[in-house]
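Close look at the chain arrangement
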Amino acid sequence: PGKDEVHVLASTFDQMMDKLETSFENERQFTSDVSHELRTPVSVILSQCEYASHPEATEEEKSDALHTIERQSRKMATLISQLLTLSRADAGRAKLHMELLNVSDLAEITVEEQRDFAASRNITLSSWIQPDILMRADETMMMRLFINLLTNAITYGKEGGHVLLELSSSEEQIEGSVSDDGIGIPPEHLDKIWNRFYQVDTSRTSREDGSSGLGLAMVKWIVEAHGGTITVESKEGTGSRFQFCFPKREIL
């Protein structure tokens, strides 16, 4: 409780050690998560290679094994690409290729690309997009923003449910949201969903769908890298709504 130099110095050291301990723990957890994420596809690839190389394997069985190997390899490539992007962002070395984009067209394209995925889960995917919204942004990252939010909503949506993407523009800002009527997020998890590899429901792992657990972490970084903010509203058993906003003074 003292305020002399010794107490201030001791307090400063305590805070420094707390930060270091948190940093080390985060690094250990991150390494464990990455190892876990890579172990599964590697194991599948190795087992499929052994299966396909068996002398009694038929041509059809070999073809099936190759398809499985390709699918798992693409999953690993996606994971590694996202890790590299986030690593560069952490180090301040991620470069955005800014250009004037029609984000309305990007959003429409993404919705169309995700319709088959939604249909496979018997989910109706719809959109309300104001036409010809212009924004200075990185095209690849903005596409990734829409893709990640939509795939997340579809993955955790309910069968026979709905997913809606909205995008509009006012004099001051560009606003967008992705809503679903799926399983929702418990309140105690809301502030943790942006963490890398974090899963709300470990019994219903999205890894089965090929996702890496980095989708929302990527979304948050993309939005903030473009000067925006993103929030989530959710009620367990009712659904979720992710809303993002870009002030026009930051993006035009």
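First, a word on what this report is: a plain description of the structure on this page. In this text the structure is predicted, and so the values were computed from the model without any measurement. (Residues numbered from 1 in each chain as written. Predicted model: local features only at pLDDT ≥ 70, side-chain atom pairs only at ≥ 80, totals over all residues. Heavy atoms only, no water.)

**Section: the pairing of strand 6 (residues 229–235)**
Cut-off, in case you're wondering: Should DSSP find at least two bridges between two strands, the strands are regarded as paired. Comment: elements are numbered from the N terminus, with helices defined as DSSP H or I runs of at least four residues and strands as E runs of at least two.
Note: strand 6 against strand 7 (residues 239–247), 7 bridges, orientation antiparallel. Directly across from Thr231, in strand 7, lies its bridge partner Gln243.

**What about the sheet that holds strand 4 (residues 162–169)?**
Put simply, the rule reads: Working convention: axes come from line fits to C-alpha atoms, limited for helices to the stretch in contact. Angles between N-to-C directions cover 0 to 180 degrees. Any two residues having at least one pair of non-hydrogen atoms within 4.5 Å are treated as being in contact.
With mixed pairing, the 5 strands of this open sheet are ordered in space as 2-4-5-7-6. Both edges of this open sheet fall to strand 2 (124–129) and strand 6, since each of them pairs with a single strand only. The sheet shows a mean angle of 10 degrees between the axes of neighbouring strands, taken without regard to direction. Its contacts with the sheet place helix 4 (residues 139–155) against strand 2, strand 4, strand 5 (173–180), strand 6 and strand 7, and it is angled at close to 165 degrees to strand 7. Strand contacts of helix 5 (residues 215–225): strand 6 and strand 7, with the helix running at about 140 degrees to strand 6, the strand carrying the most contacts.

**Things to note about helix 3 (residues 103–120)**
Stated formally: Helix span is expected to be 1.5 Å times the residue number reduced by one. Consider a residue and the seven residues that end there alongside the seven that start there; fitting an axis to each set, the bend is the angle between those axes. For this analysis, a polar contact is any N or O atom pair within 3.5 Å, provided that within protein one partner can donate a hydrogen and the other can accept it, and provided that sequence-adjacent residues contribute only side-chain to side-chain pairs.
When the terminal C-alpha atoms of helix 3 are compared, their 26 Å separation across 18 residues agrees well with the 26 Å that a helix rising 1.5 Å per residue should span. Within helix 3, the axis deviates most sharply at Gln114, by approximately 40 degrees. Along its buried surface, helix 3 packs onto strand 1 (98–102), strand 2, strand 3 (134–138), helix 4 and strand 4. The residue sitting at the N-terminus of helix 3 and contributing the capping side-chain oxygen is Asn102; that oxygen lies 3.2 Å from the backbone nitrogen of Ser104. Remark: Asn122 follows helix 3 within two positions and exhibits a positive phi of approximately 55 degrees.

**Concerning the nonpolar core**
To keep things clear, this is the line we draw: To qualify as a nonpolar core, a set must consist of buried Ala, Val, Leu, Ile, Met, Phe, Trp, Tyr and Cys residues joined through side-chain atoms within 4.5 Å. Throughout, exposure labels follow a simple rule: accessible area from a 1.4 Å probe, protein chains only, divided by the maximum for the residue type, with under 20% read as buried, over 50% as exposed, and the rest as partly exposed.
In terms of nonpolar packing, the biggest core is built from 48 residues, with Met142, Leu145, Leu149, Leu165, Leu167 and Phe244 touching the most fellow members. It is helix 4 that provides the largest number of residues to this core, a total of 10 residues. If near-sequence neighbours (up to four positions away) are discounted, Leu149 is found in contact with Val178, Leu216, Val219, Ile230, Phe242 and Phe244.

**Considerations on the environment of Pro131**
The residue Pro131 is located in the loop between strand 2 and strand 3 in this model. A relative accessible area of 59% means that Pro131 is categorised as exposed. Remark: the alpha-carbon pair of Pro131 and Asp105, spanning 26 residues in sequence, is separated by 7.6 Å.

**Considering helix 4**
Working note: α-helix, 3.6 residues per turn, so residues spaced by three or four point in the same direction. If you check helix 4, its first and last C-alpha atoms are 24 Å apart, about what 17 residues at 1.5 Å a residue would give, namely 24 Å. Across the 17 residues of helix 4, 13 count as buried, placing the element largely inside the fold. The backbone nitrogen of Thr140 lies 3.0 Å from a side-chain oxygen of the residue at the head of helix 4, namely Asp138.

**As for the packing of helix 4 against helix 5**
Two numbers describe a pair of packed helices, the interaxial angle and the distance between the axes. Applicable threshold: The cut-offs work like this: below 35 degrees is roughly parallel, past 145 is roughly antiparallel, 65 to 115 is roughly perpendicular, and the gaps in between are oblique. Helix crossings fall into two classes, left-handed where the near helix is turned counterclockwise from the far one by less than a right angle and right-handed where it is turned clockwise.
Close contact between helix 4 and helix 5 brings their axes to 9 Å; oriented N to C, the two are set at 140 degrees. One element, helix 4, and the other, helix 5, form an angle in the oblique class. Crossing of helix 4 against helix 5: the hand is left-handed. Along its contact with helix 4, which presents Met141, Arg144, Leu145, Asn148, Leu149 and Asn152, the element helix 5 presents Gly215, Leu216, Met218, Val219, Trp221, Ile222 and Val223.

**Quick look at the pattern of salt bridges**
Side-chain pairing between opposite charges can occur once the charged atoms of the two side chains come close. The criterion, for reference: Take a side-chain nitrogen of Lys or Arg and a carboxyl oxygen of Asp or Glu: if they are within 4 Å of each other, that pair is a salt bridge.
Under the criterion given, the structure shown has 4 salt bridges. The salt bridge partner of Lys62 is Glu59, with a shortest N-O separation of 4.0 Å. Here Lys62 pairs with Glu59, and both are found in helix 2 (residues 59–90), just 3 residues apart, close to one helical turn. For Lys62, a relative accessible area of 29% puts it in the partly exposed group. Judged by its relative accessible area of 60%, Glu59 is exposed. Between Glu224 and Lys220 there is a salt bridge, and its shortest N-O distance comes to 2.6 Å.

Purely geometric numbers; function is a separate question.
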